[in-house]
Amino acid sequence: MTTRARLPRALGTFAASGTLVGIMIGSGIFRVPSAVATLVPDTGWFLAVWVVGGLLALAGAFVFAEFAAMFPDTGGRYVYLREGISPVAAYAYAIGNVLLLRPTSLAARAMLIAAYIGALVPVADGHAHLTAAAILIGLGLLNVVSTRLTAASTAITAAGKAGLLGLLALLLLAAEPGSHAATAITPTGPLSLQNFGLALVTVVWTYSGWGQTTYITGEVRDAERTMPRVLIGGVGFVIVLFLALNLGYLHALGLPGVAASSAVATDAASAALGARGAQLVSVLVIVSVLGSLAGSMFTSPRLPFALGQDSRRLRALARVHGAYQTPHVAVAVTVGLAVIYLWGSSFEKLVSDYILGSWPFYVLCGIGFFRLRRLRPDAARPYRAPGYPWVPGFFLATATAMVINGFAADPIGAITGSWVMLIGIPVYWLVRDRPETP
C-alpha cells in the first residue's frame, strides 16, 4: 500500500481566490476579443459569445465545487476523473498535462513577458529565451521556498491587476465613443453557428483557469466549504470584469475596430485616453501575464505530485521538502520541462492545438459528476451544485457541443491536439500499483 504524502493546509480564502483570479486574468482578454469579433461580426452575438462562455465557466465552477467538497485532495481534475470515470482516464489527463500542456503554457507566457521586458530594458533585448528561463527558474525557487509567500504574492498581484482592469473598463466607458461605434451593430461578414462555436472555444480559453485552481484543494483550510466559495465567487467576478472590458472596447473602437485591431486593449486605450492609455495597457499586460504565470507555476506542480501520491513507481514526484514543506521534486520537473520547451520552435502551436484536445476531459468530468450522483447517492456532499440536473447538464451539453464543433471545423488540428491524451494509457499500465505478492 502506497503511503500518501501530504502537503500542509496553509492556504485561506484570500490566497485561493487570488490564485484563481490571477490565473484567469492572463493575456487572453488583451487579444481574444479581436478574434471573436472576426468570427462573430455582430455586436449582439459578439457579447452573447462572452455571456455563454461565462455561463459555461460558472456552470463548470458549480460542478467542480461539488467535486472539491467531496474530494478535498491535491490534484483537481485528476482526482475527479479517477473517482468519477476511471484511473485510466485520470492518467490520460494527467500525463498529457504534465508532459505537454502545463509546461508549454508556462513557457509561452514566460516568453511573452520576456518580449515586453526586452522592449523596456535594452540590456534584455535579444535575450528573450534567457530572460524567460530566468523568470521560470525564479518562480520555481519561490515555490520551493514557501507556499504561503507564493500564494500571497499571487493573490496581491491578482488584486492589483483586477483593480487596474476595472479602472481601464470604467475609463473606456466614460470616454467619448470611437469613430466606428455608430457602425458597430452592422454585421461585417457572414454569421454561422459553426463560427459561433469556434469563437466560444476561444472565449472559454480566456475564461480558463478556474479548473486549474482545484489542483491546490489539498492545501486549503476547510476546503469543503472554502473551495465552493472560491470557485463560484472568483468566476463570477471575472465574468463581470471581462464583460465590462469588452463593452469598453466596443465603446472605444466599435465592432469593426475591435475586429481590425491586433492589440485591442492598447488601441482602445489609445483612442479613448491617448498615449498614457497605451502606456497603462503595456504595464497591465506585463502585470497580468506575470500574475497568471505565477499562479500557474504555483498550481501546476500539484498535478505530478498527485500522480506520485497514487503510484509507488512515481513516488519521487510526491516528495515533500523537509524544511519548506513544499513539493520540490514536482516543482523541479515542471520548471525543467518548461525551460526545455522555451527552445521549441512550435510550442505555442502545440498549446493552441491541445486546448481543444483537453476539453474532452471537461466532458468526462461532467459525465463523472452524473455517475457519482447515481452510484454514490449517499456519499458526503458538503456542497451540492444548484439546479441539478439542469445546470450540470448545461455544462456537459455545451462542452460536448463545443468539442464536436471544434473537431468538425478543424479535424486535423483537433487530432493533433488530442494524440497526447493517449500517452497516459500505456503509462498507467506501466506505473499503476499492483497487489503485492505475499
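Up top is the structure.
This section reports on the structure supplied with the text. Quantities reported herein were computed from a predicted structural model and do not represent experimental measurements.

### Here's the deal with the nonpolar core
Counting 125 residues, the largest nonpolar core has Tyr78 and Tyr249 as its most contacted members. Top contributing element to this core by residue count: helix H9 (residues 223-260), with 16 residues. In this structure Tyr78 touches Ala90, Tyr91, Tyr93, Ala94, Leu303, Ala306, Leu307 and Asp310, once residues within four positions along its chain are discounted.

### Overview of a nonpolar patch on the surface
A surface patch of nonpolar side chains, about 230 Å² in accessible area, is lined by Val51, Leu55 and Phe394. With respect to the element layout, Leu55 can be found in helix H3 (residues 43-70). Here Leu55 falls in the partly exposed class, since its relative accessible area comes to 45%.

### What to know about H3
With 28 residues, H3 extends 41 Å from end C-alpha to end C-alpha; this agrees with the ideal 40 Å at 1.5 Å per step. In terms of burial, H3 is largely enclosed, as 20 of its 28 residues are buried. Sitting at the head of H3, Asp42 places a side-chain oxygen 3.1 Å from the backbone nitrogen of Gly44.

### As for the pattern of salt bridges
The tally for this structure, following the rule as stated, stands at 7 salt bridges. Between Glu66 and Arg373 there is a salt bridge; the shortest N-O distance is 2.8 Å. A residue pair is termed long-range when its members are at least 10 positions apart, and Glu66 in helix H3 and Arg373 in helix H14 (residues 347-375) qualify at 307 residues. Of the two residues, Glu66 and Arg373, both sit in the buried class. One salt bridge connects Asp310 with Arg82, and the closest N-O pair in it is separated by 2.6 Å. Placement of the pair is Asp310 in helix H12 (residues 302-310) and Arg82 in helix H4 (residues 77-84), with a sequence separation of 228 residues. Of the two residues, Asp310 and Arg82, neither departs from the other in class, the shared state being buried. One network of salt bridges, with partners in common, ties together Arg82, Glu83, Asp310 and Arg376.

### Remarks on unusual backbone geometry
Here the amide bond leading from Tyr388 into Pro389 is cis, since omega sits at 0°, within 30 degrees of zero. Structurally, Pro389 is set in the loop between H14 and helix H15 (390-409). One non-glycine residue, Asp222, adopts positive backbone phi at about 50°. Residue classification places Asp222 among the partly exposed positions, given a relative accessible area of 44%.

### Notes on the packing of aromatic side chains
Taken as a whole and judged by the stated rule, the model has 20 aromatic pairs. With a centroid separation of 6.0 Å and an interplanar angle of 70°, the aromatic rings of Trp50 and Tyr207 are classed as edge-to-face. With Trp50 in helix H3 and Tyr207 in helix H8 (residues 193-207), the pair connects residues that are 157 residues apart, well separated along the chain. For Tyr207, a relative accessible area of 0% puts it in the buried group. Geometrically, the ring pair formed by Phe67 and Phe369 is edge-to-face, given 6.0 Å between the ring centres and 85° between the ring planes. Placement of the pair is Phe67 in helix H3 and Phe369 in helix H14, with a sequence separation of 302 residues. Phe369 carries the same exposure label as Phe67, and that label is buried. Through a chain of ring-to-ring contacts, the aromatic side chains of Phe64, Phe67, Tyr80, Trp210, Tyr362, Phe369, Phe370, Tyr388 and Phe395 assemble into a single cluster. Above the face of the Tyr388 ring, Arg373 is positioned so that its terminal group lies 4.2 Å from the ring centre.

Parameters and conventions
Along each chain, residue indices are assigned from 1 in the same order as the chain's sequence is written. This being a predicted model, a pLDDT of at least 70 is required before a residue's local features are given, and a value of 80 or more before pairs of side-chain atoms are given or counted; all residues contribute to the totals for chains, interfaces and linings. Processing note: side-chain calculations cover all non-hydrogen atoms of the structure and skip hydrogens and water entirely. By nonpolar core is meant a set of buried Ala, Val, Leu, Ile, Met, Phe, Trp, Tyr and Cys residues that side-chain atoms within 4.5 Å join together. Relative accessible area decides the class of each residue, using a 1.4 Å probe on protein chains only: under 20% of the type maximum gives buried, over 50% gives exposed, and in between gives partly exposed. Numbering of helices and strands runs from the N terminus, with a helix taken as a DSSP run of H or I at least four residues long and a strand as a DSSP run of E at least two residues long. Contacts between residues were defined by any pair of non-hydrogen atoms, one from each residue, lying within 4.5 Å. Only residues whose relative accessible area exceeds 30% and that form no salt bridge are eligible for patches; like-charged ones are grouped when within 9 Å, while nonpolar side chains (Val, Leu, Ile, Met, Phe, Trp, Tyr) are grouped when within 5 Å. With residues, only the protein chains shown are counted as cover, and all accessible areas are computed by Shrake-Rupley using a 1.4 Å probe. We define a salt bridge as a side-chain nitrogen of Lys or Arg found within 4 Å of a carboxyl oxygen belonging to Asp or Glu. Expected span of a helix, by definition, is 1.5 Å for each gap between consecutive residues, and there is one gap fewer than residues. Polar contacts, as used here, are pairs of N or O atoms within 3.5 Å; protein pairs need one atom able to donate a hydrogen and one able to accept it. Residues neighboring in sequence count only if both atoms are side-chain atoms. Working definition: a ring pair exists when centres of Phe, Tyr or Trp rings (six-membered ring for Trp) sit within 6.5 Å. Plane angles under 30 degrees give stacked, over 60 give edge-to-face, the rest tilted. We call a charge positioned above a ring when the Lys NZ or Arg CZ atom is no farther than 6 Å from the ring centre and deviates by at most 35 degrees from the ring normal.

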